[in-house]
Amino acid sequence: MPAAEQHTVSDNSTDAPLADQPSGLHIAMERARAAAEAVRGTTSPNPWVGCALLTVDGRCFTGATEPPGGRHAEIVALDAAREAGAETAGATAVVTLEPCAHHGRTPPCTDALIAAGVASVVYAVGDPDPQVSGRGAAALRAAGIAVQAGVGEAEAAEQLAAYLHHRRTGRPFVVLKLAASLDGRTAAPDGSSQWITGPAARADAHRLRAESDAVLVGAGTVRADDPALTVREVPVARQPLRVVLGRAPEGAKVHPCLELSGPLPEVLDELGRRGVLQLMVEGGAHVAGAFHRAGLVQRYVIYLAPALFGGVGARGLFDGPAVPSIDNLWRGRIRSIAQLGDDLRIVLEPVTSRDRLRP
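Residues numbered from 1 in each chain as written. Predicted model: local features only at pLDDT ≥ 70, side-chain atom pairs only at ≥ 80, totals over all residues. Heavy atoms only, no water.

Undergrad: It is not clear to me how the sheet that holds strand S11 (residues 258–260) should be interpreted in this structure. Could you clarify?
TA: Remark on secondary structure: sheet strands pair via backbone hydrogen bonds, oriented parallel or antiparallel. Strands sit in the order S11-S10-S9-S12-S7-S13-S16-S15 across an open sheet of eight strands; the sheet is mixed. The open sheet has two free edges, formed respectively by S11 and strand S15 (332–340), since each of these has just one partner strand. Direction aside, the axes of adjacent strands within the sheet are offset by 25° on average. Relative to S11, strand S10 (residues 241–245) runs parallel, the two sharing three bridges. Residue pairing in the sheet places Leu245 in a bridge with Leu260 of S11. (Pairing = 2+ DSSP bridges. Helix = DSSP H or I, 4+ residues; strand = E, 2+ residues; numbered from the N terminus. Axes fitted to C-alpha atoms, helices over the stretch in contact; angles between N-to-C directions.)

Undergrad: Please clarify how the packing of helix H2 (residues 73–83) against helix H3 (residues 109–116) should be interpreted in this entry.
TA: Pairs of packed helices are described in terms of their axes, by the angle between the two and the distance that separates them. Running from amino to carboxyl end, H2 crosses H3 at an angle of 25°, the nearest separation of the two axes being 9 Å. Compared by their axis directions, H2 and H3 come out roughly parallel. The way H2 lies across H3 gives a crossing that is left-handed. Note on element contacts: H3 touches H2 through Cys109, Ala112, Leu113 and Ala116, opposite Glu74, Ile75, Leu78 and Arg82. Per-class residue counts for the contact of H2 with H3 are six nonpolar, no polar and two charged. (Parallel < 35°, antiparallel > 145°, perpendicular 65-115°, else oblique. Left-handed = near helix turned anticlockwise from the far one by under 90°. Contact = heavy atoms within 4.5 Å. Nonpolar A, V, L, I, M, F, W, Y, C, P; charged D, E, K, R; others polar.)

Undergrad: Help me understand the state of the cysteines, please; the structure alone is not making it clear to me.
TA: A covalent bond between the sulfur atoms of two cysteines is referred to as a disulfide. For the structure on display, the rule yields zero disulfides. Here Cys51 stays free of any disulfide, with the sulfur of Cys60 as its closest cysteine sulfur at 8.6 Å. (Disulfide = S-S within 2.5 Å.)

Undergrad: Explanation requested: helix H6 (residues 161–169) in the structure shown.
TA: At 3.6 residues per turn, the α-helix brings residues three or four places apart onto the same side. Listed in full, the buried residues belonging to H6 are Ala161, Ala162, Tyr163, Leu164, His165 and His166. Elements that come into contact with the buried residues of H6 comprise strand S4 (92–97), strand S5 (120–125), helix H5 (153–159), strand S7 (173–181), helix H9 (264–273) and strand S12 (278–283). A positive backbone phi angle near 80° is found at Gly170, which sits one or two residues after H6. (Buried < 20%, exposed > 50% of the residue type's maximum accessible area, 1.4 Å probe, protein only.)

Right under this line is the structure:
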């Protein structure tokens with residue numbers, strides 16, 4: 001999808017403007033999320049945001065945040081409307097994230113919305129960034145603009161999970177990627193491990209790399225497998241930062257890379273300071289086990305191949321001590337299961353205290 005796009009009421013089942021339809025705001029929010037999804041991986045460390053501007057003549061102009069230093073989604077949508085000769089006064093702006101109200105690389109979006117004369121702003125998720133955090137909504141209301149929050153909140157929060165986590169904690173959202181046989185093994189006794197999964201699963205793993213700001217492995221994996229850790233299977237706007245825990249040998253394919261050591265929480269703090277919103281941890285088993293046992297993983301993406309090692313000796317997903325008893329078993333929540341070629345992708349997340357309170 002281009003940075004800006006125009007829709008008309010002919011896209012809908014009624015001739016009434018979207019803003020006047022009972023489900024119009026949700027339709028507009030879906031368009032805003034679609035615009036945001038198209039720029040995922042190009043806007044970091046800024047959030048990937050979409051905006052749908054509903055003008056009084058019934059047209060809808062969508063925009064998405066540009067790479068750092070470029071326009072935010074609201075400005076892209078406003079500019080698209082002006083270029084088409086549409087009147088922005090009285091329009092409704094539907095945005096996936098609360099508009100910013102501070103000067104960063106660009107001026108505040110709230111100023112642009114106020115100057116454009118929009119009548120109302122609808123956003124899905126409040127921005128936890130201390131520079132925003134309610135200030136955007138307050139600035140709009142102070143200018144006499146009607147503000148509504150929470151439309152499509154769950155879907156937008158999922159789309160922006162990495163950004164929201166980073167702004168709340170200062171650390172990257174950690175995605176642990178694992179690939180194994182159906183009996184939970186990642187390598188043969190001799191250490192050979194490549195190509196457990198098929199091409200579709202490998203391409204999907206490269207998509208995860210493309211969405212991440214950094215990819216991390218341990219120095220042992222670099223010595224054993226010499227991975228390049230680049231995105232090759234899917235188009236990419238920029239390659240993720242390559243991070244090695246420990247020292248990478250000279251001449252390793254992973255160079256140039258960032259070499260870090262020390263306690264994992266401190267490693268995450270450093271990456272967070274560097275603007276890494278999403279960190280993909282690719283292993284090996286020692287590093288994966290360390291992140292898992294420390295409770296530092298926000299999402300597990302596990303690819304299972306229809307293959308069996310068939311006995312003892314093959315290596316498991318994690319190195320290190322297991323829980324001592326079934327009473328200590330770690331349990332998560334399966335978010336999705338998808339078939340990719342002959343393989344399965346399981347997305348798993350930790351069970352939070354909030355989840356435990358649900359009926």
